[in-house]
Amino acid sequence: MRRPSAIIALLVLLGFPSAASASPAYAQLQSLAKDITYTTARLHPMLATQEGLAGYDGQLEVPSEQSRTAEMAVIVSWQNRLAKILADNHGRMTLVERDDAKLLAAQLVGDLRQFTIYETDRKDYSAAANAVVGAIFTQFQHLPIAGQYGATTATVQRAWGDITSRLEKAPAYIVAANRMVTRPGHLFGVTGSEELAGVPDFFNGPLSAAAKAQLPADQFARFEKARDGTLRAIVATKAYIDA
């Protein structure tokens, strides 16, 4: 349930060696940015979907106290790695490299504060369910169309397979994330419940209609089962918030 990151933007900036290859810091910053990008994608597959990184659309993490603590330690290790890059290249970095390092340092501070100060994962029962819905909606929006841009029927079915796989994992993800909520906020609950109220219309309406039109019967049956399981978890979450 991490917020969108500026890491992708930094990675794009570092992709122009003509502007930044004057010092060894360029390669070191690029390596660190790549590590952050793809480790974050692995830890938070829905964020990878939002950022357009391929290969994660069928996945979900399982939140826990252990994974939360481990991720904070990873962020601190990135901060230490960045500090070493700055120390090793003091006085030899270009303006672009210095600015990129400042951007990355600020991003890492913000990422760590998500756990240590803002702690939204401790406050919002609706966050996990809404995150799943947002990811599914993004995948639905970007479904390939057979015959366009090289997409085939198999391409379309693989994309639906990712949606189905994510829906199959969603109930466990929602339950695990909700266990992490120890200080629920009233406003989070009110707004989150309102957002969740419209999920059945989306799942049972356009999402299911498109799946039925594009999937063979056996794959659609798998989709329906996964959809219904996720809906039950979302409805239960909303009922708990509203109680």
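Scroll up a little and you will see the structure.
Let me sum up the structure you'll find in this document. (Residues numbered from 1 in each chain as written. Predicted model: local features only at pLDDT ≥ 70, side-chain atom pairs only at ≥ 80, totals over all residues. Heavy atoms only, no water.)

## Let's talk about the side chain of Arg 122
Within the secondary structure, Arg 122 sits in the loop between α6 (95-118) and α7 (127-141). If near-sequence neighbours (up to four positions away) are discounted, Arg 122 is found in contact with Glu 65, Arg 68, Met 180, Val 181, Thr 182, Arg 183 and Pro 184. (Helix = DSSP H or I, 4+ residues; strand = E, 2+ residues; numbered from the N terminus. Contact = heavy atoms within 4.5 Å.)

## Remarks on the nonpolar core
Nonpolar side chains tend to gather and get buried jointly when the protein is soluble and globular. Counting residues in hydrophobic clusters, the biggest one holds 36 residues, and the most contacted among them are Trp 160, Phe 203 and Phe 223. Taken together, the elements giving at least two residues each to this core come down to α7, α8 (153-179), α10 (199-214) and α11 (217-242). Broken down by element, this core gets its largest block of residues, 9 residues, from α8. Discounting residues that sit within four places of it in the chain, Trp 160 has contacts with Phe 140, Leu 143, Leu 207, Ala 210, Ala 211, Gln 214, Leu 215 and Phe 223. If you look at the next biggest cluster of nonpolar residues, it comprises 15 residues, including Ala 25, Ala 101, Leu 104 and Leu 108. (Core = buried A, V, L, I, M, F, W, Y, C linked by side-chain atoms within 4.5 Å. Buried < 20%, exposed > 50% of the residue type's maximum accessible area, 1.4 Å probe, protein only.)

## Some words on the pattern of salt bridges
Side chains that differ in sign of charge can pair as their charged atoms come close. Scanning all chains against the criterion turns up 10 salt bridges. Close ionic contact of Glu 224 with Arg 227 constitutes a salt bridge, the shortest N to O distance being 3.9 Å. Here Glu 224 and its partner Arg 227 are both found in helix α11, 3 residues apart, which amounts to about one turn of the helix. The partly exposed category is assigned to Glu 224, whose relative accessible area is 30%. Exposure remark for Arg 227: the relative accessible area of 9% places this residue in the buried category. (Salt bridge = Lys/Arg side-chain N within 4 Å of Asp/Glu carboxyl O.)

## Examining the packing of aromatic side chains
Across all of its chains, the model carries 6 aromatic pairs by this definition. A centroid spacing of 5.1 Å and a plane angle of 70° characterise the contact between Tyr 125 and Tyr 240, whose relative ring orientation is edge-to-face. Note that Tyr 125 is positioned in the loop between α6 and α7 and Tyr 240 in helix α11, a separation of 115 residues in sequence. Take Tyr 125: its relative accessible area is 18%, and that puts it in the buried class. Centre to centre, the rings of Phe 202 and Phe 203 are 5.6 Å apart; their planes meet at 65°, and the pair counts as edge-to-face. Its relative accessible area of 0% is what places Phe 203 among the buried residues. A connected cluster of aromatic rings, assembled from ring pairs, spans Phe 137, Phe 140, Phe 202 and Phe 203. (Phe/Tyr/Trp six-rings, centres within 6.5 Å; stacked < 30°, edge-to-face > 60°.)

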